[in-house]
Amino acid sequence: MTNTSSETFDYIFIGMGASNCLLLLAMDEKDVLRDKKIGIIEPSNKEVNDRNFCFWSSEKELLSLKLDDLVSSKWQQIKVSDREVQSIAPLYYYHIRGIDVYTKVKEKLKVRNVIYFREEFKGEPIVASESFIIPLSDSKITANKVFDSRPPAYESAKKNQSHLLQSFFGWEIKTDDYEFDTSNVGMMDFDIPQSNYCQFMYVLPFSTSTALVEVTRFGKESITKEASKKLLEDYVAQFSSSYQILEEEKGVIPMSNLKISTLDYGKNWVYTGARANMIKSSTGYAFHNMAIDANRQAASMISQQTFERKKSPKRFNFYDRLLLKILEETPHHGKKIFQYLFKYQSISEVFLFLREESTVRKELSIFSKLPILLFLRAAIKDITFRISMSSPSSLAFVFTIFSLVLSICNLSLIMWGFLVFGFLSIGLSHGALDHLTEKTIKGPKQLARYILKFLVKGALFGLLWFLQPDAAFIAFIAFSAWHFGQTDFKEWNFKQGVPSFLWGLIVLMTILFLHLTETIAVLQQIDGLQIHQVFKELSSDQILVSELSIVFLSLLFIAYHRSKNMLLTFSYLLISTALPLIASFGIYFIAQHSFHGWKHLKNDLKKSNYSLWLQSLPFSSGGALLFILLFFVDYKNYIGEFFILLSCISLPHVLSMNHFYARISSKNKKENNKI
Ligand SMILES: Cc1cc2nc3c(=O)[nH]c(=O)nc-3n(C[C@H](O)[C@H](O)[C@H](O)COP(=O)(O)OP(=O)(O)OC[C@H]3O[C@@H](n4cnc5c(N)ncnc54)[C@H](O)[C@@H]3O)c2cc1C
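Here's what I pulled together on the structure shown here. (Residues numbered from 1 in each chain as written. Predicted model: local features only at pLDDT ≥ 70, side-chain atom pairs only at ≥ 80, totals over all residues. Heavy atoms only, no water.)

### What to know about the overall build of the protein
To keep things clear, this is the line we draw: The helix and strand labels rest on DSSP assignments: H or I over at least four residues marks a helix, E over at least two residues marks a strand, and numbering proceeds from the N terminus. Based on C-alpha atoms, the radius of gyration is set beside the globule rule, defined as 2.2 Å times the residue count to the power 0.38. Burial classes follow relative accessibility: with a 1.4 Å probe on protein chains only, a residue under 20% of its type's maximum area counts as buried, one over 50% as exposed, and anything between as partly exposed. Here a residue-residue contact requires only that any non-hydrogen atoms of the pair lie within 4.5 Å. Areas reported as accessible are Shrake-Rupley estimates using a 1.4 Å probe. Residue values count occlusion only from the protein chains shown.
The number of helices and strands found in the protein is 23 helices and 17 strands. On C-alpha atoms alone, the protein measures out to a radius of gyration of 33 Å, which is more than a quarter above the 26 Å that the 2.2 N^0.38 rule sets for 675 residues. Across its three principal axes, the protein shows a C-alpha extent of roughly 105 × 60 × 55 Å. Taken over 675 residues, the protein has a buried fraction of 50%. Across the protein, the fraction of contacts at a sequence separation of at least 24, relative to all contacts at a separation of at least 6, is 76%. Accessible area of the protein: about 33,900 Å², with a carbon and sulfur share of 59%.

### A short note on a positive patch on the surface
Condition: Distance thresholds for patches are 9 Å for like charges and 5 Å for nonpolar side chains (Val, Leu, Ile, Met, Phe, Trp, Tyr), applied to residues having over 30% relative accessible area and no salt bridge. Only one rule defines a salt bridge in this text: a Lys or Arg side-chain nitrogen within 4 Å of an Asp or Glu carboxyl oxygen. By the counting rule applied here, Lys and Arg register as positive and Asp and Glu as negative, while His and the ends of each chain are not counted. For this purpose, a charge sits on NZ of Lys, CZ of Arg, CG of Asp or CD of Glu.
A contiguous patch of positive charge on the surface is contributed by K445, R449, K453 and K457. Relative to the assigned elements, K453 resides in helix α14 (residues 444-467). Judged by relative accessible area, which is 52%, K453 ranks as exposed.

### Considerations on helix α10 (residues 372-389)
Keep this limit in mind: Multiply 1.5 Å by the residue count of a helix minus one, and that product is the helix's expected span. The arc in question is traced by the directions running from the helix axis to the C-beta atoms.
An ideal rise of 1.5 Å per residue puts 26 Å on 18 residues; α10 measures up with 25 Å between its terminal C-alpha atoms. Turning to α10, its buried residues number three or more, namely L374, F375, A378, A379, D382 and F385. Seen end-on, α10 carries its buried residues on one side only, within an arc spanning 135°. α10 presents L373, I380 and S388 as exposed residues on the side facing more than 90 degrees away from its buried surface. In the core, the buried residues of α10 are packed alongside α6 (314-329), α7 (334-344) and α9 (360-368).

### Some details on the site of the ligand
Convention followed: It suffices for a single heavy atom of a residue to lie within 4 Å of a molecule or strand for the residue to be listed as near it. What qualifies as a polar contact is a pair of N or O atoms within 3.5 Å, subject to a donor-acceptor requirement within protein and to the restriction that residues adjacent in sequence count only when both atoms come from side chains. For this scheme, ten residues count as nonpolar: Ala, Val, Leu, Ile, Met, Phe, Trp, Tyr, Cys and Pro. Four count as charged, namely Asp, Glu, Lys and Arg, and the remainder, Gly too, count as polar. The split into domains, and so the bounds of each, comes from an automatic or database assignment of domains.
Lining the immediate environment of the ligand, one finds 31 residues, of which S19, E42, C54, A274 and A286 sit closest. Between F121 and the ligand, the recorded distance is 2.8 Å, taken from a backbone N or O atom to a nitrogen atom. At a separation of 2.7 Å, an oxygen atom of the ligand approaches a polar backbone atom of A274. Computed on the free molecule, the ligand has an accessible area of 970 Å², of which 88% lies beneath the protein chains in the complex. For the shell around the ligand, the secondary-structure elements that each account for two or more residues are α1 (18-29), β3 (52-58), β16 (243-256) and α5 (287-302). In the shell around the ligand, the residues fall into 16 nonpolar, 8 polar and 7 charged. Both domains that meet at the shell around the ligand, namely domain 1 (8-50 + 97-153 + 259-302) and domain 2 (163-256), each give it at least three residues.

### Structural notes on the side chain of T142
Note that T142 resides in strand β11 (residues 140-148). A relative accessible area of 17% places T142 in the buried class. Ignoring any residue separated from it by four or fewer positions in sequence, one finds T142 in contact with E7, T8, F9, S131, F132 and I133.

### Details of empty space enclosed by the protein
Condition: Think of a 1 Å grid over just the protein atoms. A cavity is a set of points where a 1.4 Å probe fits yet cannot get out, a pocket is an open set with protein on both sides within 12 Å along at least five of seven lines, and lining residues have an atom within 4 Å of a point. Grid points are joined across faces, edges and corners, and a volume is the space filled by probe spheres set on the points.
With the rule as written, the count across this model stands at 4 cavities of 30 Å³ or more. Taken as a whole, the largest cavity spans an internal volume of roughly 300 Å³. As for the largest cavity, its lining consists of 23 residues, and the residues nearest its centre are T283, L323, F338, L341 and L354. Each residue belonging to the lining of the largest cavity can be placed in one class, and the counts come to 19 nonpolar, 2 polar and 2 charged.

### So, the sheet that holds strand β15 (residues 210-219)
Applied cut-off: Two strands are counted as paired when DSSP detects at least two bridges linking them. Axis definition: a line fitted to C-alpha atoms, over the contacting stretch in the case of helices. Angles run 0 to 180 degrees between N-to-C directions.
On the basis of which strands lie adjacent, the open sheet formed by 7 strands has the order β6-β5-β13-β14-β15-β12-β16 and mixed pairing. The open sheet has two edge strands with one neighbour each: β6 (86-87) and β16. One ladder, built from 4 bridges, connects strand β5 (residues 77-80) with strand β13 (residues 184-189); its direction is parallel. For V80, the partnering residue across the bridge sits in β13 and is M187. With respect to the sheet, α7 is in contact with β5, β13, β14 (198-205) and β15, its orientation differing from that of β14 by roughly 50°. Sheet strands touched by helix α8 (residues 347-354): β5, β6 and β13. Its angle to β5, the strand with the most contacts, is close to 85°.

### Here's the deal with the packing of helix α15 (residues 469-491) against helix α16 (residues 498-513)
The criterion, for reference: With respect to orientation, any angle under 35 degrees is reported as roughly parallel, any angle over 145 as roughly antiparallel, any angle of 65 to 115 as roughly perpendicular, and every other angle as oblique. The crossing is said to be left-handed when, going from far helix to near helix, the turn is anticlockwise and less than a right angle, and right-handed when the turn is clockwise.
Interaxial distance between α15 and α16 falls to 7 Å at its minimum, and their mutual angle equals 115°. Between α15 and α16, the crossing angle belongs to the class labelled roughly perpendicular. In this structure, α15 meets α16 at a crossing whose hand is right-handed. Facing α15, whose interface residues are I477, A478, S480, A481, W482, F484, G485, Q486, D488 and F489, α16 presents P499, S500, F501, W503, G504, L505, L508 and L512. Looking at the contact of α15 with α16 residue by residue, the class counts come to 12 nonpolar, 5 polar and 1 charged.

Rendered as structure tokens:
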């Protein structure tokens, strides 16, 4: 029945496939549909058996999910791969025909107030205050609550994500001369040509003469009908020479951990089924999950509580990511992995694991028996990628805690190793790319002029240290604060100016003032500097009040900006007061500031990390050489002179980066204006 109504519906179901059917059954069972006006938008008449659903469950659970009358076959014995037949008691492996689900729903709905819209919903809803207006092909309908099961669309893949397909093609056959053993079902029989894929057979015997024989492939490309037919013919020929094909089943299920792209229309627009990520990415099973979800949703409607969907524990997402990556990159290893999985544990244990109901201990034991090197390699890649995606502030936070642990264990040498490596690599390198940001450098002449200017600026600042050390010190703090604030604010998308300068000042004050004794000790090594005398004369009470003021004002500043990254940065700066001054500064400078700066340069210059590093090499090694030379020339006053040299090479870099940030912000403005 089609309709051109503009009526209001209590519930609209977009799609009448497995998930919405299970939900309708659960809602009907719990009497949630009584006196409600229901609309179903579905292009198909749902009159063919378009899929068979299998899942494992206990009889008790099946009864509680009210699915028992739908089951057409069940087995308590399973033969997986090349292993002996095993009992999975108290579980059963159940089979439900899709058509039986759709028919039952239609029967149940006959006594309800339902209108079917035989079409695809293609548009977007208009969200009104308490309802949704849904534009259909020749009408607009209003819905108070919507269950949307349209097939999902996916966002583009991140490096550690995969999008594979579980494709299958099967025949329900009737044999003339062969008797199937109906006591057990055959799963994952890898005894078929792999052809560089991961593919296997299922045999579901429905009676002694009928069975569904299906070939399944996990991979980037789905299996073709021709390839499947050849494999099926060869496979069936092993046990029967003559048979008839009663039905064909084919399908493709996404095995994906990409983010599903959906819009949030509020709590009354509920996504269901595959669109709600109900398909377990590493197996393609969803039916059991959807049945539980449907029952929970229906129960929450009776109790009028907001429905909170159960999320998978994160570790299972991690395991799934590893397996999918291995199957994506080296599909031929699939056979070995699944054979090992079922070789060393019982099928019931594997089923528990796949249903995400196992314990961490059991999971460790399972992984220890899998081809561990494959998983370790995938795990290292996954973890490295995730670390590289974390914000530098989080990395710096983690490194600070790590350094504290090292220092407690008297292993600070390791921390210093990391810091020296960081300073000589990204620390110096991020400041050695200034020549690339100057768009006017086109040849060796301009480069030579640029280097000369760089050196002159540095030398002039050195002269200021010589003539007016206190003024040079204040200028160094001021331009460093400007630069640190500018880089962090750029990364966090905050407006530049006085606030970014204040942020830079907070960073420096927290590092320097909260290590006051060490700061004074460094400043004492600078010839002619007097400013530290002021701090030396402070009483311990005055120091405490100043420290508390810095913390309090900084927290106010952070609260005003409501920035998680700022809070994270400030937290690790506070924690790092338990480390030496140089370590505290080094962590911020290397793990946060230099990373931010490097990222901005990389994005603008559109070069790889390696190519940037190569281009920074002449200048960073020049800088490193200067620091080393200085050590040999005057190692007694090294700390003070290191400080001065650092400031002299910092000034031209800060000026150059200031110019760079101004240029990219005006470029962004122009691009935004064009849009
Ligand atoms: C062939 C096959 C076999 C499977 N076997 C198993 C199994 O054995 N065990 C298991 O656990 N899982 C299995 N799955 C995985 C999963 O259980 C199913 O994919 C399940 O059907 C997902 O439910 P769903 O409601 O999200 O999608 P569907 O059941 O596909 O329902 C979506 C419905 O939305 C309709 N629709 C599509 N677009 C629109 C639109 N724009 N507007 C309105 N309606 C629309 C479709 O016609 C369809 O009826 C199988 C999947 C397939 C494809």
